[in-house]
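# Survey of secondary and tertiary structure
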Amino acid sequence: MVDPSGVSTLDELSGLLRDLRRRQARRVRSSPLTFGELAARTGWPHAAIGAYFDGHTLPPAERLDALLRLLGASPAECFAFASARTRIESLSDHRAQLPFVAHPRRLPPAPPGFAGRAGAVARLDTLLPGARAVFIGGPAGVGKTALAVHYGHRVADRFPGGAVFLDLRGSGTPLSAAEALRILLDALGMAPADLPLGVAARTGLFRTLTARRGVLLVLDDAADAAQVRPLLPAAGDSVALVTGRLTDGAASVALDAAVPIDGSVSVDGSAFVAPGRVVPADGSAFVAPGRVVPADGSAFVAPGRVVSADGSAAVVLGPIDRTEARAMLAARMGAERVAAEPEAVDHIITACGRSPMALAVVSARVALHPDLRLSTVADALGEATAFSWSYDLLTPAARHLFRGFGAHPAQDLSTIDAGVILAGKSTVDSLTELARAQLITEVRPGRYAMHALLREHAAARTPDAEREALEDRIVEHGSSFAVLGLAMRRRRYRDAWRIADAVDNHLDATGRWDDRIAAQEIAIRAAEHLGAPALLARAQRAQSAAYLRTGQHEAALRRLREAADCFHAQGDPAAAAHCRQDLAALLESMARFAEAIVHDELALALFRRAGDHHGQATAHAAAAWHYAQAGRAAEAVAHGEAALALHRELDDPHEVAAALAHLGRVHAALGERERSLERLRAALDRYTELGDRLDEADTATRLGDALDGAPAIGLWRRAHAIYERLGHPAAATVAARLGI
């Protein structure tokens, strides 16, 4: 047994992985699996696998488990390796070996004309050092995001690891913790292919990375505590500013579920209102749900805030006071203008309810019209809300686009999306008009978002018939994941299937595998509604691949079997054969070779029926390996020779070389050393003639592993020289064989 019980470093773990790789080769009487072969079996990047074996990167838990199974580890060894991995991840000496951490500066532009909130900024200055998270709470439109972004720009230079803003979409369809972690890890330099599977594993990696270097996180519009907890940084120099509406769930983020907040902190900090109780500011008592806990250090109430034992804290915002409101209007409309009509300014502040968002909308509109008297604005606001007044002043096209934002399911819209809503008319002008009126915000170049409050107002302004027409138009021209749910609600099933198919590659490439599963589930339901078996089978096969990405092997097997049966029933033997091949490969990764053989033979029969000679060759090659693993020598060699013969008939020199190399592995697995060497030498000659340097190096390495002494050293040197020229990570592995 390979025993990792005493392992405490990444170098030691990677050394034992290499031992397992060599042991597996001895067991099957072959050379060790190459990184390319492991990449082909797992779907992971070649470079990532090399980094795991060379000790540069700690494999995610799910990948380590998959590697161990491919290398023939016993259940006891798998458990011991998992424990060692957890131990290494928790040790500080591993942190320096983690993947490169980027230094992102991904904050939205600082709010223009930000004024007031001096008390809140001062409280944040007091809370931030040493806090793990600071919750900025308050009702909708109170300026939580503006304060968080303003403060983020103010302190970003204190965080050497960068600053990242993430919209958690709590006011709409909340972002899942898995997707939020994917975005954050991407910002910190993680490639999608290297993302661990599952929320727990991603949270562990995220906290390890944020513990290395101080990162400022601005987590905007939290839905509740459960959404945010996996996104909080580890103890250290990283801090999360979390905003959310003042609800029990969202506010408990600040206290790590200790105290739901349904009140507010008084202006002078004399008391904190909690459910049914008022807590004195001297910290003499602490209110938790249904009980009072003496202040024994586990939590305390300080002026203007509540701090929990884990170092998180809350800053609760209400409407800004009149002095702050005047300062805000002066910064946005001009001090002279505000000073000239003080009574009108007071009326505007009252009409806006001292809401920063309403004041921003009004001041933006006024700033566009230098000759507009503030008294006229004040009179108009006496009969309408700030949003209604600004909306009524829009051009017809901009009004239509405003309503379209309310109907669209995406969190932010592109100029193309806006063109769909407007049927291409006045798109740029209308977007510019809405942005200048502060009714939308350009969150990044070419993409625009609308605040949840304004979306609600837009929805209320949209007649039912117009909304239905807008939704149908959005679906008809849609090509994004966000539109899928709307397509199903509108019973636009063919559009739903089309969109799911269109986004599949993008979701896979960006690591959004849970979304990919969800998209293909919609495609499956849409195909069932349409009664379209061909579309159904394609969606089932795509979802199987997504399940495999997330390590859900049984679900992947189930969907693949359904797809194969569906393709077969509709008379598409070639497609059914490819599904059978996928099933065989998946079962091989699970070391279920007898079952894999069944699907190899079914694939072969189907390819014959379809007249697909290349498919027959690949099915023969797969069957050869699986029969060899099952110890059935005669069938293994027969299938290997059949694959070679077919590739020769097809006159494909690369495939002939690959078939020779594959036969070399099959003979080695069967203990037929001389036949293996003969085939490997032939493959090496072919690759050399073809100028295929990477496969030449891989085959030279494998052939060297099967030999001893000077011949082996010569082949390893040849492989090492090629890998070095190519800048390939396998160079380090071969160098270890050479002792250099």
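Coordinates for the structure precede this section.
Reading the values: rules and limits
- Residues numbered from 1 in each chain as written.
- Predicted model: local features only at pLDDT ≥ 70, side-chain atom pairs only at ≥ 80, totals over all residues.
- Heavy atoms only, no water.
- Helix = DSSP H or I, 4+ residues; strand = E, 2+ residues; numbered from the N terminus.
- Buried < 20%, exposed > 50% of the residue type's maximum accessible area, 1.4 Å probe, protein only.
- Contact = heavy atoms within 4.5 Å.
- Axes fitted to C-alpha atoms, helices over the stretch in contact; angles between N-to-C directions.
- Parallel < 35°, antiparallel > 145°, perpendicular 65-115°, else oblique.
- Left-handed = near helix turned anticlockwise from the far one by under 90°.
- Nonpolar A, V, L, I, M, F, W, Y, C, P; charged D, E, K, R; others polar.
- Pairing = 2+ DSSP bridges.
- Disulfide = S-S within 2.5 Å.
- Salt bridge = Lys/Arg side-chain N within 4 Å of Asp/Glu carboxyl O.
- Phe/Tyr/Trp six-rings, centres within 6.5 Å; stacked < 30°, edge-to-face > 60°.
- Lys NZ or Arg CZ within 6 Å of the ring centre and 35° of its normal.
- 1 Å grid on protein atoms, 1.4 Å probe; cavity = no way out; pocket = protein on both sides within 12 Å on 5 of 7 lines; lining within 4 Å.
- Points joined across faces, edges and corners; volume = space filled by probe spheres on them.
- Arc of directions from axis to C-beta.

### Description of the overall build of the chain
Summing up its helical and strand segments, the chain has 37 helices and 15 strands in all. Residues classed as buried in the chain amount to 53% of the 740 residues present. Sequence separation of at least 24 residues holds for 64% of the intrachain contacts in the chain that already meet a minimum separation of 6.

### Remarks on the packing of helix α26 (residues 513-530) against helix α27 (residues 533-549)
At a closest axis distance of 8 Å, the pairing of α26 and α27 adopts a crossing angle of 160°. Between α26 and α27, the angle falls in the class roughly antiparallel. Crossing angle aside, the handedness with which α26 passes α27 is left-handed. Of the residues in α27, those touching α26 at Trp 513, Arg 516, Ile 517, Gln 520, Glu 521, Ala 523, Ile 524, Ala 527, Glu 528 and Leu 530 are Leu 535, Leu 536, Ala 539, Gln 540, Ala 542, Gln 543, Ala 545, Ala 546, Tyr 547 and Arg 549. For the contact of α26 with α27, a count of residues per class yields 13 nonpolar, 3 polar and 4 charged.

### Let's talk about the sheet that holds strand β15 (residues 447-449)
Two strands in a sheet stick together by hydrogen bonds in their backbones, pointing the same way (parallel) or opposite ways (antiparallel). One open sheet accounts for 3 strands, arranged β13-β15-β14; its pairing is antiparallel. A strand with exactly one partner marks an edge of an open sheet, and here the two such strands are β13 (412-414) and β14 (441-444). Each strand of the sheet is rotated relative to its neighbour by a mean of 40°, with strand direction disregarded. For β14 and β15, the ladder comprises 3 bridges, and the chain directions are antiparallel. When the bridges of β15 are listed, Thr 441 appears paired with Ala 449. Packing of helix α20 (residues 415-422) onto the sheet brings it into contact with β13 and β15, and relative to β13 it is tilted by some 85°.

### Points about the pairing of strand β12 (residues 313-316)
Burial along β12 is two-sided: Ala 313 and Val 315 and Ala 314 and Val 316, pointing in opposite directions, are all buried. Note: strand β2 (residues 133-138) against β12, 4 bridges, orientation parallel. Among the inter-strand pairings, Ile 136 is bridged to a residue of β12, identified as Val 315.

### Brief notes about the state of the cysteines
Scanning the model with the defined rule gives 0 disulfides in all. As a non-bridged cysteine, Cys 566 has Cys 579 as the owner of its nearest cysteine sulfur, 9.3 Å distant. Residue Cys 566 is classed as buried on the basis of its relative accessible area of 13%.

### Quick notes on the pattern of salt bridges
A pair can form between side chains of opposite charge whenever their charged atoms are brought close. With the rule as written, the count across this model stands at 38 salt bridges. Put simply, Arg 592 and Glu 595 hold a salt bridge, and the shortest N to O gap is 2.8 Å. On the accessibility criterion, Glu 595 (33% relative accessible area) is partly exposed. Through salt bridges with shared partners, one network takes in Arg 467, Glu 471, Asp 472, Arg 490, Arg 492, Asp 495 and Arg 498.

### Here we look at the packing of aromatic side chains
Two descriptors summarise a pair of aromatic rings, namely the distance from one centre to the other and the angle between the planes of the rings. For the coordinates displayed, the defined rule picks out 1 aromatic pair. Each ring, one from Tyr 391 and one from Phe 402, has its centre 5.4 Å from the other, and the planes form 50°; the classification is tilted. Linking Tyr 391 in helix α18 (residues 386-392) with Phe 402 in helix α19 (residues 396-407), this pair joins segments that are 11 residues apart in sequence. For the pair formed by Tyr 391 and Phe 402, the shared burial category is buried. The ring of Phe 53 has Arg 21 sitting right over it, with the charged end atom 5.3 Å from the ring centre.

### Topic: the environment of Arg 332
Within the secondary structure, Arg 332 sits in helix α13 (residues 322-333). Leave out the neighbours within four places in its chain, and Arg 332 touches Pro 112, Gly 113, Ala 360, Ser 363, Ala 367 and Gln 438.

### Topic: empty space enclosed by the protein
Per the counting criterion, the structure on display carries 3 cavities of 30 Å³ or more. Here the largest cavity is characterised by a volume of approximately 120 Å³. Lining of the largest cavity is provided by 15 residues; of these, Arg 21, Thr 34, Thr 701, Tyr 723 and Ala 730 occupy positions nearest its centre. At the level of elements, α35 (693-705) and α37 (730-738) are the ones that each hand at least two residues to the lining of the largest cavity. A breakdown of the residues in the lining of the largest cavity according to their chemical character gives 5 nonpolar, 5 polar and 5 charged.

### Some points on the side chain of Thr 699
Looking at the element boundaries, Thr 699 is found in helix α35. Discounting chain neighbours no more than four positions away, the residues touching Thr 699 are Leu 680, Ala 683, Leu 684 and Tyr 687.

### So, the packing of helix α31 (residues 613-629) against helix α33 (residues 653-669)
In the contact formed by α31 and α33, the axes pass within 9 Å of each other and the chain directions differ by 15°. Relative to α33, the element α31 is oriented roughly parallel. Remark: the crossing between α31 and α33 carries left-handed chirality. Where α31 abuts α33, its residues His 614, Ala 621, Ala 624, Trp 625, Ala 628 and Gln 629 lie against Glu 655, His 662, Arg 665, Val 666 and Ala 669. Of the residues that constitute the contact of α31 with α33, the class distribution is 6 nonpolar, 3 polar and 2 charged.

### Focus on unusual backbone geometry
If a residue is not glycine, its phi is most likely negative; likewise, a peptide bond is most likely trans. Notably, Arg 169 is not glycine yet its phi reads approximately 60°, a positive angle. Along the chain, the position of Arg 169 falls in the loop between β3 (163-167) and α9 (177-187). Arg 169 sits in the partly exposed class, given a relative accessible area of 29%. Within the chain, Asp 221 stands out as a residue other than glycine whose phi angle is a positive 60°. The topology assignment puts Asp 221 in the loop between β4 (216-220) and α11 (225-228). Given a relative accessible area of 16%, Asp 221 falls into the buried group.

### Here we look at helix α15 (residues 342-351)
Spacing of three or four residues puts side chains on the same side of an α-helix, whose turn is 3.6 residues. Among the residues of α15, those classed as buried are Ala 344, Val 345, Ile 348 and Ile 349. Looking straight down α15, one finds its buried side chains confined to an arc of 140°; they lie on one side. More than 90 degrees from the buried face of α15, the exposed residues found are Glu 343 and His 347. Elements in contact with the buried residues of α15: α13, α14 (335-340), α16 (356-367) and α17 (374-381). Within two residues after α15, Gly 353 carries a phi angle of roughly 65°, on the positive side.

### Considerations on α9
Summarising burial for α9: 9 of the 11 residues are buried, a large majority. Along α9, the positions that sit buried rather than exposed are Ala 177, Ala 178, Glu 179, Ala 180, Leu 181, Arg 182, Leu 184, Leu 185 and Ala 187. In this structure, the buried side of α9 is in contact with β1 (105-106), β3, α10 (199-212), β4, α11 and α26. Residue Gly 189 follows α9 closely and has a positive phi angle near 100°.

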